[in-house]
Amino acid sequence: MRAKSDYAPFSVYIRGNLLVVQRPVDLGKPAEGRGVRTLCTVDLRRQPTFFLSDAGVMCCDKLGNVFTVESSANGGNDQLLAALSEAQLKQAENWRTRWGGRLVISAGLLIVGLMLGVSLVHSSKEGPLELEPGPEVSLAPAQQVVPLTLPPHATKAERPEVPVPVQQTRAPAPEDGWALPASVRSTLPQKLQSAADRQLFTVNYSSGHDRTLYVFADPNCPNCRHLEPALVAAAQMTNVVVFPVAVIGREKSIAAITPVLCLPPAQRPAAWQALFTVGTDGLQLGKAAAVDKKADSACDVAEKALGVNEVAYQAYRIPGTPWVIADDGRYVPQAVLRDPAQLSQFLSEKETPDAATH
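Residues numbered from 1 in each chain as written. Predicted model: local features only at pLDDT ≥ 70, side-chain atom pairs only at ≥ 80, totals over all residues. Heavy atoms only, no water.

Caption draft 1: Main features of the overall build of the protein. Assigned secondary structure in the protein consists of 10 helices and 11 strands. Approximately 22700 Å² of the protein is accessible, and the part contributed by carbon and sulfur atoms is 57%. (Helix = DSSP H or I, 4+ residues; strand = E, 2+ residues; numbered from the N terminus. Areas by Shrake-Rupley, 256 points an atom, 1.4 Å probe, with all protein chains shown as cover.)

Caption draft 2: How the structure looks around the sheet that holds strand β9 (residues 212–217). An order of β8-β10-β9-β11 is seen for the four strands of this open sheet, with the pairing classed as mixed. Unpaired on one side and paired on the other, β8 (203–204) and β11 (323–326) mark the two borders of the sheet. Of the strand pairs in this sheet, β9 and strand β10 (residues 239–244) are connected by six bridges, and their pairing is parallel. Within the sheet, the bridge partner assigned to Val-215 lies in β10 and is Val-242. (Pairing = 2+ DSSP bridges.)

Caption draft 3: The pattern of salt bridges, seen in detail. Scanning all chains against the criterion turns up seven salt bridges. Salt-bridge contacts for Asp-43 lead to Arg-45; the nearest nitrogen and oxygen are separated by 3.1 Å. (Salt bridge = Lys/Arg side-chain N within 4 Å of Asp/Glu carboxyl O.)

Caption draft 4: Quick look at the nonpolar core. Formed by 35 residues in total, the largest nonpolar core has its most connected members in Trp-272 and Val-332. Mapped by element, the contributors of at least two residues to this core are β9, α3 (222–234), β10, α4 (251–262), α7 (296–315), β11, α8 (334–337) and α9 (340–348). If one sorts the elements of this core by residue count, α4 sits on top with six residues. When residues no more than four places from it in sequence are discounted, the contact partners of Val-332 are Leu-213, Val-324, Ile-325, Ala-326, Leu-337, Leu-343 and Phe-346. If you look at the next biggest cluster of nonpolar residues, it comprises 21 residues, including Phe-201, Val-241, Phe-243 and Trp-323. (Core = buried A, V, L, I, M, F, W, Y, C linked by side-chain atoms within 4.5 Å. Buried < 20%, exposed > 50% of the residue type's maximum accessible area, 1.4 Å probe, protein only. Contact = heavy atoms within 4.5 Å.)

Caption draft 5: Structural view of the side chain of Arg-250. With respect to the helices and strands, the residue Arg-250 is situated in the loop between β10 and α4. Excluding residues that lie within four positions of it along the chain, Arg-250 makes contacts with Arg-37, Leu-39, Thr-68, Val-69, Glu-70, Ser-71 and Glu-310.

Caption draft 6: Up close: unusual backbone geometry. Pro-322 follows Thr-321 through a cis peptide bond whose omega is -5 degrees. Not every positive phi belongs to a glycine, and Gln-47 is a case in point at roughly 55 degrees. Tracing the chain through its elements places Gln-47 in the loop between β4 (35–43) and β5 (49–53). According to the relative accessible area criterion, Gln-47 is exposed, its value standing at 53%.

Caption draft 7: Molecular detail of the environment of Leu-81. Topologically, Leu-81 is positioned in helix α1 (residues 76–125). Separated by 12 residues in the primary sequence, Leu-81 and Val-69 have C-alpha atoms spaced 9.8 Å apart.

Caption draft 8: Broad picture of α4. In this model, α4 (12 residues) spans 17 Å end to end at C-alpha, consistent with the 16 Å of a helix rising 1.5 Å per residue. Taken residue by residue, α4 has Ser-253, Ile-254, Ala-256, Ile-257, Thr-258, Pro-259, Val-260, Leu-261 and Cys-262 as its buried positions. (Expected span 1.5 Å × (residues − 1).)

Caption draft 9: Up close: the sheet that holds β5. Strand order in the open sheet formed by three strands is β5-β6-β7, and the pairing between neighbours is antiparallel. Unpaired on one side and paired on the other, β5 and β7 (66–70) mark the two borders of the sheet. Averaged over all pairs of adjacent strands, the angle between strand axes in this sheet comes to 35 degrees, irrespective of strand direction. As paired strands, β5 and strand β6 (residues 56–60) are joined by five bridges and run antiparallel to one another. What sits directly across from Phe-51, in β6, is Met-58. (Axes fitted to C-alpha atoms, helices over the stretch in contact; angles between N-to-C directions.)

Caption draft 10: Structural context of the pairing of β10. The buried fraction of β10 amounts to six of the six residues, a majority that puts the element mostly inside the structure. In β10, alternate side chains face the same way, and those of Asn-239, Val-241 and Phe-243 on one face and Val-240, Val-242 and Pro-244 on the other are all buried. Across two bridges, β8 lies against β10 in antiparallel orientation. Looking at the pairing, Asn-204 lines up with Val-241 of β10.

Caption draft 11: Examining the confidence of the model for the protein more closely. In the predicted model, the protein carries a mean pLDDT of 75, and 64% of its residues have values of at least 70. Scored below 50 in pLDDT, residues 128–140 shows zero contacts in the model against residues more than four places distant or in partner chains. Confidence over residues 352–358 falls short of pLDDT 50; this stretch has four contacts with residues more than four positions distant or in other chains. (pLDDT = per-residue confidence, 0-100.)

Caption draft 12: Representation of the packing of aromatic side chains in the model. Overall, the coordinates contain five aromatic pairs when judged by the stated rule. Look at Trp-178 and Trp-323: their rings are 5.8 Å apart centre to centre, the planes differ by 75 degrees, and that puts the pair in the edge-to-face class. Taken together, the residues Trp-178 in the loop between α1 and α2 (182–197) and Trp-323 in strand β11 connect sequence positions 145 residues apart. By the burial criterion, Trp-178 is buried, and Trp-323 matches it. Ring-pair connections join several aromatic residues into one group, and the members of that group are Trp-178, Trp-323 and Tyr-331. The ring of Phe-346 has Arg-330 lying over it, and the distance from NZ or CZ to the ring centre is 4.0 Å. (Phe/Tyr/Trp six-rings, centres within 6.5 Å; stacked < 30°, edge-to-face > 60°. Lys NZ or Arg CZ within 6 Å of the ring centre and 35° of its normal.)

In structure tokens form, the structure reads like this:
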């Protein structure tokens, strides 16, 4: 189902258990030349609830996870919330219609069954049919019915053994809080490396080392700001590749990240690190930074690249920012990143099959 006609520019799709929120970009261009940016994807089995706050349109699931869907001005938040509500109401209405039809059929079958049962009970109470008088018939004495006796060992009916249901144990939650299957984790670093090699989606702090750390970060995330010095130091011993996302600051972060991704790859690290300078604001930096925009297509690609990063953030169930992943699929705690000795020991260890399943 789709809800967008009355609440442009947002589009909300519900297909199966997945809710997708999109917004067209380049509204000044003709309809056939516009792009689409995905804001988020939400698993409806987690029973998400959408609401307005000072930060914009928020989403909270049954596990208590909260994130910002959109933070736009000029009534955009109200439009998005209305589109979300309409899509969810239509889905609920479709379910009621579908189950209502099934209930009508079930009720009809039940009524037919009851009518048949009543007719059978009524016929059993009417007694034997009366026949017209005829010649007398002598009846033989009734045979005595001898009750059956059970052998001594079978005086009580034996009950069949009822199998005891085996309660399936749920897999323990991962210690790092990252609910991503081990099979997906094992292939994720290769996919991240492939994306980094394209030099469209990332800010590469360093290269040439044996090991690599992949970082999902938002310039308006306070914890990302606090972890930035540790990542700069870690770049001296390992490759550090950043995938920028705008999951915290939304429009404010988009305004800061897009000019950075517009720059050539060699100029991005300095521009990205400047966003975390104490006393500066990501939105102001995004406006004030000197960005070479000789080709508008380059910045169009940058905005689309940011959208791809956010889709990956949702698809790989990243719990929050900053989130650091080693090249063997392990989550790297922030405490380890802040201690060079612990980080060196962490990188010297290898991911084992048993560790991957826990």
